[in-house]
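Structural description and commentary
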Amino acid sequence: MTGANTTLPACLHLATLNERHFTRHPEPLPALTACLDGLDRLGKALGAGSLSQFVDITELELQDAEALLEASETVNRSVDPETGLVCALEDMQWFPVAAGMITLEAMLNHLARNHPRELKGADLAQLSAELVYCEQQLRPLEHEGAQFHLHAVVSD
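A short tour of the structure in this document, coming up. Bear in mind the structure is a predicted one, so any value in this text is a computation, not a measurement. (Residues numbered from 1 in each chain as written. Predicted model: local features only at pLDDT ≥ 70, side-chain atom pairs only at ≥ 80, totals over all residues. Heavy atoms only, no water.)

This next bit is on the pattern of salt bridges. Counted by the stated rule, this structure contains five salt bridges. A salt bridge links R139 to E105; its shortest N-O distance comes to 2.7 Å. Here the residue R139 occupies a position in helix α5 (residues 124–142), and E105 occupies one in helix α4 (residues 97–113), the gap between them amounting to 34 residues. Here the salt bridges do not stand alone but share partners, grouping E105, E135, R139 and E142 into one network. (Salt bridge = Lys/Arg side-chain N within 4 Å of Asp/Glu carboxyl O. Helix = DSSP H or I, 4+ residues; strand = E, 2+ residues; numbered from the N terminus.)

This part covers α4. Between its first and last C-alpha, α4 extends 25 Å over 17 residues, near the 24 Å set by a 1.5 Å rise per residue. Considering only its buried residues, α4 is in contact with α2 (36–46), β4 (95–96), α5 and β5 (147–154). (Expected span 1.5 Å × (residues − 1). Contact = heavy atoms within 4.5 Å.)

Counting residues in hydrophobic clusters, the biggest one holds 34 residues, and the most contacted among them are L32, L39, L51, L119, L127 and L131. Where this core is concerned, the elements lending two or more residues are β1 (10–18), α1 (30–34), α2, α4, α5 and β5. With seven residues, α5 is the single largest residue contributor to this core. Residues contacting L39, with those up to four places away along its chain left out, are L32, L51, M107, L119, L127 and L131. The next biggest cluster of nonpolar side chains, apart from the first, holds eight residues, and it includes L17, L85, L89 and W94. (Core = buried A, V, L, I, M, F, W, Y, C linked by side-chain atoms within 4.5 Å. Buried < 20%, exposed > 50% of the residue type's maximum accessible area, 1.4 Å probe, protein only.)

Our focus in this paragraph is the pairing of strand β2 (residues 21–28). Of the pairings in the sheet, the one linking β1 to β2 comprises five bridges and is antiparallel in character. The residue of β2 that forms the bridge with H13 is P28. The turn joining β1 and β2, which pair antiparallel and follow one another in sequence, is formed by two residues; a positive phi near 65° is taken by E19. (Pairing = 2+ DSSP bridges.)

This part is about α5. For α5, spanning 19 residues, the distance from its first C-alpha to its last is 26 Å, which sits close to the expected 27 Å at 1.5 Å a residue. If you follow the buried residues of α5, they end up packed against β1, β2, α1, α2, α4 and β5.

It is worth spelling out the side chain of T58 at this point. Mapping T58 onto the fold places it in helix α3 (residues 58–70). Apart from the residues within four sequence positions on either side, T58 is in contact with C87, D91, M92 and Q93.

So, in structure tokens, the structure goes:
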């Protein structure tokens, strides 16, 4: 996982925040997770930025810290009522949907016409499907000033 100092295997999920309405979309994004470095190189080549800039690893970091504490003491885990997670909305990093749409649209347009060398060996159909899924979830929120991130969670 780009930017993560965790040894746990992780998978990305789309998370959105519109006003105080938090949604961690249930659909895992395994192809996007596996191809994140290649997508970052592609996004930079296209001048659209990297997808990893939108990854939030807060939950992974909290789980890592909790695992360290469990080794030495009992941890009282509390779940945030608003998110249903161990972290609150304010603990997470959020990004404007409009910024993410620029990157997603550039990648989708490029993948529709090309087989980029940055993604050699990747399942482009699955990757495109996951990018389309993100784009479809974010598009209606773009004009509402909503925020999002790619939520890194421990893989099952």
